[in-house]
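Okay, here's what each chain looks like letter by letter:
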Amino acid sequence: GLRCGIVGLPNVGKSTLFNALSNAKAEAANYPFCTIEPNVGVVTVPDERLQVLESLVNPEKVLPTVIEFVDIAGLVKGASKGEGLGNKFLGNIREVDAIIHVVRCFKDDNVVHVDGKVNPVSDKEIIDTELQIKDLESIDKKIQRFLKVAKSGDKEARKALEMLEKFKTHLENGNNARSLEASKEEWEVVKDLCLLTAKPVIYLANVEEGSILNGNEHSEALKEGVKHEDAEVLLICAAIESQIATLEDEEEKAMFLQEYGLDESGLNKLIKASYRLLNLITYFTAGVKEVRAWTIRNGWKAPQAAGVIHTDFERGFIRAEVIGYEDYKEYKSEAAVKDAGKMSIEGKEYVVNDGDIMHFRFNV
Ligand code: GDP
């Protein structure tokens, strides 16, 4: 599944947000593949197409797809050098697919700011610097390894060194790896390092209740400060999210959101943004036992998509029976879709579409 790491300085609202997310958590029992640790929250991805399929298929159960949020606590200035607990947690970032960077943009004199005043851009840079230092360490280690080989005149090693130096210089200049314009070949050289600053990022500007619709001067400053990064900045109010999380039914939630002039929760906005950021899509399997959503990358072919269900499905892939979501909705049953000639039999080269209802045939 998809894993997002939540980072940010202390007192910016990470725990408040994380607790709200965890409250919205998926029923863990349904997701045995997720290892539930205290700093991991598993959240279901809302998808109205699942309800439509449920009403048509009437299955025993419905399983939405999930996103895991990992709370990466303890990042402070100097974390990479062992300040606070940060160093211990920095490693956790290596395993995530995307980074959610929470930045304090709310005004509240009762909440102490680690640096004395609210300054989203410098806050963000403090965290960036720690991650960059960590990345420089990884790159330096690799450079040392290649240096030995390069000395003996190995051409490949020399070329790799050049590429590594390019990343090194970029990071030393205070940039994140993700902003480097590097070739495919160059990215390949650093791939095994899982660079922290190469991971895609979403900024969450945590504003006070009154600024949730239009933001405030701090969230504007943040937007301005990350303009060159081509990253999304989402307004969120952790305080609102934690209240929503305590509400039981959907109608109550909708009414609560309406009072703030919102049409969806920050959590939902965040989930959608993560899908966009990582270029993810959803396909479905629909049987009487279970209707289920699965997350894959846009562009994946049928066998790879089958592999998220089970590696055997990928290895033994024969073919897939595919129904487009709109066709399923229109004809209302698999049999009716078939009769209308709208079900297609696809092979290994088929590129899965968002919303496809897939049935895989495979050899074990
Ligand atoms: P963390 O250290 O980043 O995990 O921050 P916390 O979630 O513990 O929040 C630090 C303090 O800021 C707590 O007292 C929160 O109640 C408060 N806080 C968090 N989000 C908001 C918010 O949106 N508005 C206001 N006014 N206070 C908030």
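Residues numbered from 1 in each chain as written. Predicted model: local features only at pLDDT ≥ 70, side-chain atom pairs only at ≥ 80, totals over all residues.

As annotated in an unreviewed UniProt entry, the protein is Ribosome-binding ATPase YchF from Rapidithrix thailandica. Recorded in UniProt for the protein, the comment headed Sequence similarities (unreviewed entry) runs: "Belongs to the TRAFAC class OBG-HflX-like GTPase superfamily. OBG GTPase family. YchF/OLA1 subfamily." According to the UniProt record, the Cofactor (unreviewed entry) comment for the protein is "Mg(2+)". (UniProt positions renumbered as here; feature names shortened; annotations may be inferred.)

Chemist: So, the pairing of strand 9 (residues 290-297): which residues are in play, and what are the values?
Modeler: Here strand 3 (residues 61-63) runs beside strand 9; their pairing, made up of 3 bridges, is parallel. By the bridge assignment for strand 9, Val 62 is matched with Val 291. Bridging between strand 8 (residues 280-286) and strand 9 involves 7 bridges; their strand directions are antiparallel. If you follow Ala 286 over to strand 9, its bridge partner there is Val 291. Between strand 8 and strand 9, which pair antiparallel in sequence order, lie 3 residues. (Pairing = 2+ DSSP bridges. Helix = DSSP H or I, 4+ residues; strand = E, 2+ residues; numbered from the N terminus.)

Chemist: Give me the lowdown on the site of the ligand, citing residues and values where you can.
Modeler: Within the structure, the ligand sits among 16 residues, and Gly 13, Lys 14, Ser 15, Thr 16 and Ala 238 are positioned closest to it. Among the elements of the structure, helix 1 (14-23) and helix 8 (238-246) are those that each provide at least two residues to the shell around the ligand. (Near = placed C-beta within 6 Å.)

Chemist: So, the domain arrangement of the protein: which residues are in play, and what are the values?
Modeler: Domains assigned within the protein are domain 1 (2-44 + 66-116 + 200-278), domain 2 (127-197) and domain 3 (299-362). Taking only C-alpha atoms, the centre of domain 1 and the centre of domain 3 are 35 Å apart. (Domains from an automatic or database assignment.)

Chemist: Report on the UniProt feature "domain: TGS" (unreviewed entry) in the protein, specifying residues and quantitative values.
Modeler: The sites that carry the UniProt feature "domain: TGS" (unreviewed entry) are, in the present numbering, residues 279-362. For residues 279-362, the helix share is 29%, the strand share is 37%, and the end-to-end C-alpha distance is 27 Å.

Chemist: Explain the UniProt feature "binding site: ATP" (unreviewed entry) in the protein to me, and be specific about the residues and the numbers.
Modeler: Per the UniProt record, "binding site: ATP" (unreviewed entry) is annotated on Asn 11, Val 12, Gly 13, Lys 14, Ser 15 and Thr 16. Here Asn 11 lies in the loop between strand 1 (2-7) and helix 1. Judged by the 13 C-beta atoms lying within 10 Å of it, Asn 11 falls in the partly exposed class. With residues up to four places along the chain from it excluded, the contact list for Asn 11 reads Arg 104, Val 111, Val 112, His 113 and Val 114. One can find Gly 13 in the loop between strand 1 and helix 1. (Buried ≥ 20, exposed ≤ 12 C-beta atoms within 10 Å, placed from the backbone. Contact = placed C-beta atoms within 7 Å.)

Chemist: Explain the confidence of the model for the protein residue by residue, including any values.
Modeler: Across the protein, the average pLDDT comes to 90, with 94% of residues at or above 70. Across the assembled chains, the prediction reports ipTM 0.93 with pTM 0.87. (pLDDT = per-residue confidence, 0-100.)

Chemist: If you had to explain unusual backbone geometry to someone new, which residues and values would you point to?
Modeler: The phi angle at Cys 194 is positive, at roughly 45°, despite the residue not being glycine. By the secondary structure assignment, Cys 194 is in the loop between helix 6 (184-190) and strand 6 (201-206). Given 15 C-beta atoms within 10 Å, Cys 194 falls into the partly exposed group. Positive phi is not limited to glycine here, since Asn 279 has a value of about 60°. Examined against the element boundaries, Asn 279 turns out to sit in the loop between helix 10 (266-278) and strand 8. On the basis of neighbour counts, which here come to 10 C-beta atoms within 10 Å, the residue Asn 279 falls in the exposed class.

Chemist: Quick one: what's the story with the packing of helix 4 (residues 120-151) against helix 7 (residues 217-225), residue by residue and with numbers?
Modeler: Running from N to C, helix 4 and helix 7 point in directions that differ by 50°, and their axes come no closer than 8 Å. As far as their axial angle goes, helix 7 and helix 4 are oblique. For the pair formed by helix 4 and helix 7, the contact residues are Pro 120, Val 121 and Lys 124 on the first element and His 218, Ala 221, Leu 222 and Gly 225 on the second. For the contact of helix 4 with helix 7, a count of residues per class yields 4 nonpolar, 2 polar and 1 charged. (Axes fitted to C-alpha atoms, helices over the stretch in contact; angles between N-to-C directions. Parallel < 35°, antiparallel > 145°, perpendicular 65-115°, else oblique. Nonpolar A, V, L, I, M, F, W, Y, C, P; charged D, E, K, R; others polar.)

Chemist: Give a description of the packing of helix 4 against helix 5 (residues 155-172) that names residues and reports values.
Modeler: Where helix 4 contacts helix 5, the axes come no closer than 9 Å and their chain directions differ by 160°. With respect to helix 5, the element helix 4 is oriented roughly antiparallel. Judged by the twist between their axes, the crossing of helix 4 over helix 5 is left-handed. Within the contact between the two elements, helix 4 uses Gln 132, Asp 135, Leu 136, Ile 139, Lys 142, Ile 143, Phe 146, Leu 147, Val 149 and Ala 150 and helix 5 uses Ala 157, Arg 158, Ala 160, Leu 161, Leu 164, Phe 167, Lys 168, Leu 171 and Glu 172. Taken together, the residues of the contact of helix 4 with helix 5 sort by class into 13 nonpolar, 1 polar and 5 charged. (Left-handed = near helix turned anticlockwise from the far one by under 90°.)

Chemist: Lay out the sheet that holds strand 4 (residues 66-71) with the relevant residues and their values.
Modeler: Spatial strand order, 2-4-1-5-6-7: 6 strands in an open sheet with mixed pairing. Taken across any chain shown, the strands that pair with only one partner, and hence form the sheet edges, are strand 2 (40-44) and strand 7 (232-236). Within the sheet, the average angular offset between the axes of one strand and its neighbour, ignoring direction, is 25°. Sheet analysis places strand 2 next to strand 4, joined by 5 bridges and oriented antiparallel. Among the inter-strand pairings, Val 42 is bridged to a residue of strand 4, identified as Glu 68.

Chemist: Tell me about the pairing of strand 1, and name the residues and values.
Modeler: On a regular strand, one side chain projects to one face of the sheet and the next to the other, so that they alternate. In terms of strand pairing, strand 1 meets strand 4 through 5 bridges, oriented parallel. Paired with Arg 3 across the bridge in strand 4 is Glu 68. Pairing geometry for strand 1 and strand 5 (residues 98-104), over 4 bridges, is parallel. Bridged to Cys 4 within strand 5 is Ala 98.

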